[in-house]
Structures are given as C-alpha cells and as structure tokens.
Amino acid sequence: MINRRSVLRRGGVALGVGLGGMGLSSLGIGGLDFASAAAADPLAGVDPELRAGAATVLAMGAKLSPLTTARLPILRGGGAAMAGPLRPDVPVEARKVPVGPGIPDVTVQVINAGTRPSVGPRPAILHTHGGGFVAGSALAERGYLQDFAHALDCVIVSVEYTLAPEARFTRSVAETYAGLRWLHDQAEALGVDRRRLAVMGESAGGGHAALLAIQARDRGEVPLVLQVLTYPMLDDRTGSTVMPPPGIGKLGWDAQANRFGWESFLGATPGWRAVPAAGVPARCAHLAGLAPAFIAVGGIDLFVDEDITYARRLTDAGVPTELLVIPGAYHGFDRVVPDASPSRRLIAARLAALRRAFGQPAG
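Draft legend 1. Structural detail: the pairing of strand 3 (residues 106-111). Counting buried positions along strand 3 gives 5 out of 6 residues, so the element sits mostly inside the fold. The pairing of strand 2 (residues 92-97) with strand 3 spans 6 bridges and is antiparallel. Across the sheet, the residue bridging to Glu 93 is Val 110, located in strand 3. Pairing analysis gives 4 bridges linking strand 3 to strand 5 (residues 155-159), with the strands arranged antiparallel.

Draft legend 2. Spatial organisation of the environment of Gly 78. As for its position among the elements, Gly 78 is in helix 4 (residues 72-81). Counting along the chain gives 58 residues from Gly 78 to Gly 136, while the straight-line C-alpha distance between them is 9.2 Å.

Draft legend 3. Spatial organisation of the packing of helix 6 (residues 169-185) against helix 8 (residues 204-219). Axis separation between helix 6 and helix 8 bottoms out at 10 Å; the angle between their running directions is 65 degrees. The angle between helix 6 and helix 8 places the two elements in the roughly perpendicular class. In the packing of helix 6 onto helix 8, the handedness of the crossing is right-handed. The segment helix 6 lies against helix 8, with Ser 172, Val 173, Thr 176, Tyr 177, Leu 180 and Arg 181 engaging His 208, Leu 211, Leu 212, Gln 215, Ala 216 and Arg 219. Among the residues making up the contact of helix 6 with helix 8, the classes are represented as 6 nonpolar, 4 polar and 2 charged.

Draft legend 4. Seen up close, the layout of surface pockets. The space that makes up the second largest pocket amounts to roughly 280 Å³. Forming the walls of the second largest pocket are 16 residues, and the residues nearest its centre are Asp 235, Thr 238, Val 242, Asp 305 and Glu 306. No other element matches helix 10 (residues 304-316), which puts 5 residues into the lining of the second largest pocket. Class assignment for the residues of the lining of the second largest pocket results in 8 nonpolar, 2 polar and 6 charged.

Draft legend 5. The arrangement of the packing of helix 5 (residues 142-152) against helix 12 (residues 341-358) in detail. Axis separation between helix 5 and helix 12 bottoms out at 11 Å; the angle between their running directions is 50 degrees. As summarised for this structure, helix 5 and helix 12 are arranged oblique, according to the angle between their axes. Note on packing geometry: the crossing formed by helix 5 with helix 12 is right-handed. Contact residues: Tyr 144, Phe 148, Ala 151 and Leu 152 in helix 5; Arg 350, Leu 351, Leu 354, Arg 355 and Phe 358 in helix 12. Residues that form the contact of helix 5 with helix 12 fall into these classes: 7 nonpolar, no polar and 2 charged.

Draft legend 6. Broad picture of the environment of Arg 355. With respect to the element layout, Arg 355 can be found in helix 12. A relative accessible area of 16% means that Arg 355 is categorised as buried. Expressed as a C-alpha distance, the spacing of Arg 355 and Pro 123, which sit 232 residues apart in the sequence, is 9.6 Å. The contacts of Arg 355, once residues within four sequence positions are left out, are Ala 151, Leu 152, Gln 360, Pro 361, Ala 362 and Gly 363.

Draft legend 7. Highlighting the side chain of Arg 196. Mapped onto the elements of the fold, Arg 196 is located in strand 6 (residues 192-202). At 3.1 Å, the side chain of Arg 196 and the backbone oxygen of Pro 121 are in polar contact. For Arg 196, the residues in contact, after removing those within four places along its chain, are Pro 121, Arg 122, Pro 123, Ala 124, Val 225 and Phe 358.

Draft legend 8. Broad picture of the pairing of strand 9 (residues 321-326). Burial runs high along strand 9: 6 of the 6 residues are buried. Of the two faces of strand 9, the one holding Thr 321, Leu 323 and Val 325 and the one holding Glu 322, Leu 324 and Ile 326 are both buried throughout. Examined bridge by bridge, strand 8 (residues 293-298) and strand 9 share 6 bridges and lie parallel to one another. Bridge pairing in strand 9 places Phe 294 opposite Glu 322. Between the parallel pair strand 8 and strand 9, the chain is carried across by helix 10, and the sense of this crossover is right-handed.

The rules behind the values
Residues numbered from 1 in each chain as written. Predicted model: local features only at pLDDT ≥ 70, side-chain atom pairs only at ≥ 80, totals over all residues. Heavy atoms only, no water. Buried < 20%, exposed > 50% of the residue type's maximum accessible area, 1.4 Å probe, protein only. Helix = DSSP H or I, 4+ residues; strand = E, 2+ residues; numbered from the N terminus. Pairing = 2+ DSSP bridges. Axes fitted to C-alpha atoms, helices over the stretch in contact; angles between N-to-C directions. Parallel < 35°, antiparallel > 145°, perpendicular 65-115°, else oblique. Left-handed = near helix turned anticlockwise from the far one by under 90°. Contact = heavy atoms within 4.5 Å. Nonpolar A, V, L, I, M, F, W, Y, C, P; charged D, E, K, R; others polar. 1 Å grid on protein atoms, 1.4 Å probe; cavity = no way out; pocket = protein on both sides within 12 Å on 5 of 7 lines; lining within 4 Å. Points joined across faces, edges and corners; volume = space filled by probe spheres on them. Polar contact = N/O pair within 3.5 Å; in protein donor to acceptor, adjacent residues only side chain to side chain. Right-handed = clockwise from strand over helix to strand, strands pointing away.

Here is the structure:
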C-alpha cells in the first residue's frame, strides 16, 4: 500500500510512482520533519515560495476558528470578496435548471457557450465550487472558470448548489446532478460535444465532483471522460475518527472545520459507521467503472492521506488515475499564490490532464 507516510520513510526524495501499475502518477513528498518542527511552527513545512500566502491564510483562519454556524457569514463574505474580475472575451450567462419534485430550479453559470460552425462542438466541464460544503458560490468562480474555458476552448457549467447546513447533501447532490444532466441534454444548443464531458471541483467541490462521477456511473445517463479532483474533500473520518499527524492540516482548512463541514453536509456526526454513505465518496464500496481521474493535493493539506488512499483505491479498481502531491503545499495554495512554481505545476498538470481527456494537443 502506498501512502504519504511510507513515502516519507524513503528519505524525502520526490518519487514518481505508478499506483498499482496503472496509468500516470506523480507522487512528490518533501523530506520534512513534521513532528518536531511543524508542531511548534505551522509555517515550518511550507514551501518557501508559498510562505507569504500561508501567513495570510493563518491570519484569516484566526478569525474563523473554531468554525461555527455563527461565523459562517464571515467565511461566506470572505469568499465572495475574493472573486476576480470577469474577462470580456469569454461570455457568461446565468440559467435556471429544473432539479426534480420538491426542489426549486437551481441556477447555473454557463461559461463560453455557443455554437461555432468553424470549430464544431467543443468539450465541456461541469464544475462544482469549493467551500467546505458550507460556503463558496458559482457566481464568485466565474472569472476563475473563464480562464479554464479560454485555455481549453471549452464550455463550463458551474452549479450554484444549496449550501449546508441550510440543506443536506441529498438536495445539493440532486442539484449538481441536475446540472450535469442538463449540460448533457442541452449539448447541441450549447455547442457541446456530449462525448467529451468532464466533472471538476476543488475541495468540497472536488467531493461533489467525485459524487457526480459515482452517480454518472450508477445511473448510466451521462458518460464522462474525466473527473478532476483538486485537493478534494472525500472522507468524513478525517479530523474525527482519523486525526492528521503534526504538521498536516494546519493551513486553509483544519480538523475542526472539517468536522463542522461534514456534520453540516450529512446531518450526522462525522466518522460514525451510521453516516449516510451516499454523501461520502470515500465510503463508496465499489469504485470500478468510474471515469478516469486526476487528483492533486498538497503534501501538508489536511486531505493528503484521504486523497492518496482514494487514488490507490481507484487504481486498484482498474480506474486510470493520475495523482499529483505537491510537497510543502497547503490547502488552496494555488488560489492564494497562483504564480508560485508549486501552483504553476498543479495548474499545468491539471490542464494537461483535461487536454488529454478531450483529445486536444498539448498546450
């Protein structure tokens, strides 16, 4: 079994490992003495290029710790304030999508849609935003996603799913799947090639994207060519019944926040056997037949172990999986310090994975 701890015992050398002999993997872990240094200094294990951003993250985190329902307006307001400007060259349109009985239509942000006869149908991504299941918005992600759409010449649909704790996972999962089904069904009107559809998300959005890949397989309605999971939130046991070692999960999202997010999402105490497995990708018993996966996570992210484990399970189930672990990188590092070389490495690898899945030439 390959996990973060076994790699660390190899002396801190960056290793390229084919998990289970399947597909492409890049597993790089820096040789950091987490137990002695990072326990005293949360910045001790951070890549030097990411330290300035880490200090900012620590300062923001101090305002939110411990994360509670009363502090949610602070978290939600901070995320909205970080929304970037919109590009004038990539169109964006809000649309309403029907969900099902008892659930109001959900809003989706449609980015770069439209038929282009000289180009033909283009690939598309169904995106689900991050925010620990309790924050974030598709509206705030428009500028970020315009850059993806421009780089890949693709269409992106991002779902404004209902946040927890106002709604439990059953509603938000129904909303995100409705967005995926709508993207598939409206392919011609949107100028989309329904044979080249991917799902993508970051953090809790990565958890939603993983749940969508499972639903797409189980329902058999929407074929996917790739699931792109960036530091995905996959396992309710992390931070509850499974605690991270010293130096892991101190920046961007910690164990207490994770317990709050999962309890809000599931309506149950995280870590217990009785939690609803349908809302937790890591509790899916059978992963065979899922879409190929790209998973990326920082080496000191709270989610590093659960993401490595999920990549191994996918590989063992015969799902082609690419895993990228960035040494010294904390949760959300690529959004905080996008020009740092660790961030550029993640961004380039993710775009390359999408281009391969879409059958596009390398950028």
